[in-house]
Amino acid sequence: MASSTPRKEMKISVIVATYNRVDALNFVLQSLEAQTDHDFEVVIADDGSRADTKEFIDTFKSVSKLTIKHVWHEDLGFRLSLIRNLASAQALGEYLIFLDGDCIVQPDFVSQHRKLSKKGYLITGSRALLNAVLTKELLSWSSWDFKRFMASLLRYRLSGGINKFWPLTIKLGDGSWRNYKKFVWRRIKGCNMACWKVDALAIGGFDETMTGWGHEDADFVFRLQNMGLIRKSGSWSTEVLHLYHSINDQSNAAENARRVREKILAKAK
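Here's a quick rundown of the structure. Given the structure is predicted, the values throughout are model-derived calculations rather than measurements. (Residues numbered from 1 in each chain as written. Predicted model: local features only at pLDDT ≥ 70, side-chain atom pairs only at ≥ 80, totals over all residues. Heavy atoms only, no water.)

1. Here's the deal with the overall build of the chain
And step 1. Scanning the chain from N- to C-terminus turns up 11 helices and 10 strands.
And step 2. Of all intrachain contacts in the chain linking residues separated by at least 6 positions in sequence, the fraction that spans at least 24 positions is 84%.
And step 3. Accessible surface for the chain amounts to roughly 12,500 Å². Of this, 55% is attributable to carbon and sulfur atoms. (Helix = DSSP H or I, 4+ residues; strand = E, 2+ residues; numbered from the N terminus. Contact = heavy atoms within 4.5 Å. Areas by Shrake-Rupley, 256 points an atom, 1.4 Å probe, with all protein chains shown as cover.)

2. A closer look at the sheet that holds strand E7 (residues 127–129)
And step 1. Read across the open sheet, the three strands follow the order E5-E10-E7; overall the sheet is mixed. Edge positions in the sheet fall to strand E5 (103–105) and E7, since each has one partner strand and no second. Between one strand and the next, the sheet's axes are offset by a mean angle of 30 degrees, whatever the strand orientation.
And step 2. Two elements, E7 and strand E10 (residues 240–242), share three bridges in a ladder whose sense is parallel. When the sheet's bridge partners are listed, Ala128 is paired in E10 with Leu241. (Pairing = 2+ DSSP bridges. Axes fitted to C-alpha atoms, helices over the stretch in contact; angles between N-to-C directions.)

3. So, the packing of helix H1 (residues 22–33) against helix H2 (residues 51–63)
And step 1. Put simply, H1 and H2 touch, their axes get as near as 11 Å, and they point 25 degrees apart. On the basis of the axis angle, H1 is roughly parallel to H2. Where H1 crosses over H2, the two elements pack in a sense that is right-handed. Judged by residue contacts, Val22, Leu25, Asn26, Leu29, Gln30 and Glu33 of H1 engage Asp52, Thr53, Phe56, Ile57 and Phe60 from H2.
And step 2. Taken together, the residues that form the contact of H1 with H2 break down as six nonpolar, three polar and two charged. (Parallel < 35°, antiparallel > 145°, perpendicular 65-115°, else oblique. Left-handed = near helix turned anticlockwise from the far one by under 90°. Nonpolar A, V, L, I, M, F, W, Y, C, P; charged D, E, K, R; others polar.)

4. Thoughts on the pattern of salt bridges
And step 1. For the coordinates displayed, the defined rule picks out 13 salt bridges.
And step 2. The residue Arg114 makes a salt bridge to Asp37 at a minimum N-O spacing of 2.6 Å. Here Arg114, found in helix H4 (residues 109–116), pairs with Asp37, found in the loop between H1 and strand E2 (40–46); they are 77 residues apart in sequence, far enough to count as distant. Neither residue differs from the other here; Arg114 and Asp37 are each classed as buried.
And step 3. Each member of the salt-bridge network shares a partner with another, and the members are Arg21, Asp23 and Asp102. (Salt bridge = Lys/Arg side-chain N within 4 Å of Asp/Glu carboxyl O. Buried < 20%, exposed > 50% of the residue type's maximum accessible area, 1.4 Å probe, protein only.)

5. A word on the packing of aromatic side chains
And step 1. In the structure shown here, the tally under the stated rule is 12 aromatic pairs.
And step 2. The interplanar angle of 35 degrees and the centroid separation of 5.4 Å between the aromatic rings of Phe149 and Tyr156 together place this pair among those described as tilted.
And step 3. A relative accessible area of 0% places Phe149 in the buried class.
And step 4. Members of the aromatic cluster, joined through ring pairs, are Phe27, Trp141, Trp144, Phe149 and Tyr156. (Phe/Tyr/Trp six-rings, centres within 6.5 Å; stacked < 30°, edge-to-face > 60°.)

Here you go:
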């Protein structure tokens, strides 16, 4: 069962998944540096990036106030589940926040996750999608600047550069309205998700046999809920800015989805 540590005192590890995208990772780490809640560590789950990623991380660590660990394994294809498990094993936090290396966070991201955390619960957050034009514009900046971004948010929304406005400007508190009554596929995003480490360990972490892009996050959430945890929505609280990227190879997605459906049907029986 999850720890009963008071939320303000619990140790948090932010697990940042990355693969060969230094420009995005740079801004993500900068956004983590700007958090209002400083009591967390960063564990980079590197799914086999080239040497330039390690060089960047080493340089960033040398000048950053963040506590950063870099966990890497060989590039043998899309093995996100395995690298997340390896990174989680090295995490010192009792509470894990899973984030993707192309998702810039708001200054209160860690603080909002901490507020929503509760024994017996997991959080599935949401994202705001940025298009290719806006992504290119932001990454051309010399450094990440949240205030500068927010000053132009309405313009970005009206031009179609981003698909959300109000969830980035209005923050809603906790409440039972956030709780899902049963398992549903909708809005499960591994790029913004959180749970207690002890709960992740209790289900064996992410299913490492699920390789290739797709649905390892839904499988993870289903198994946590199947263990008795309640899924809570992090929408209107923890939104991240998902930088544009080309569509991943989805050749394994159908098979991964089938395996999750089998588990759901088995529980129903």
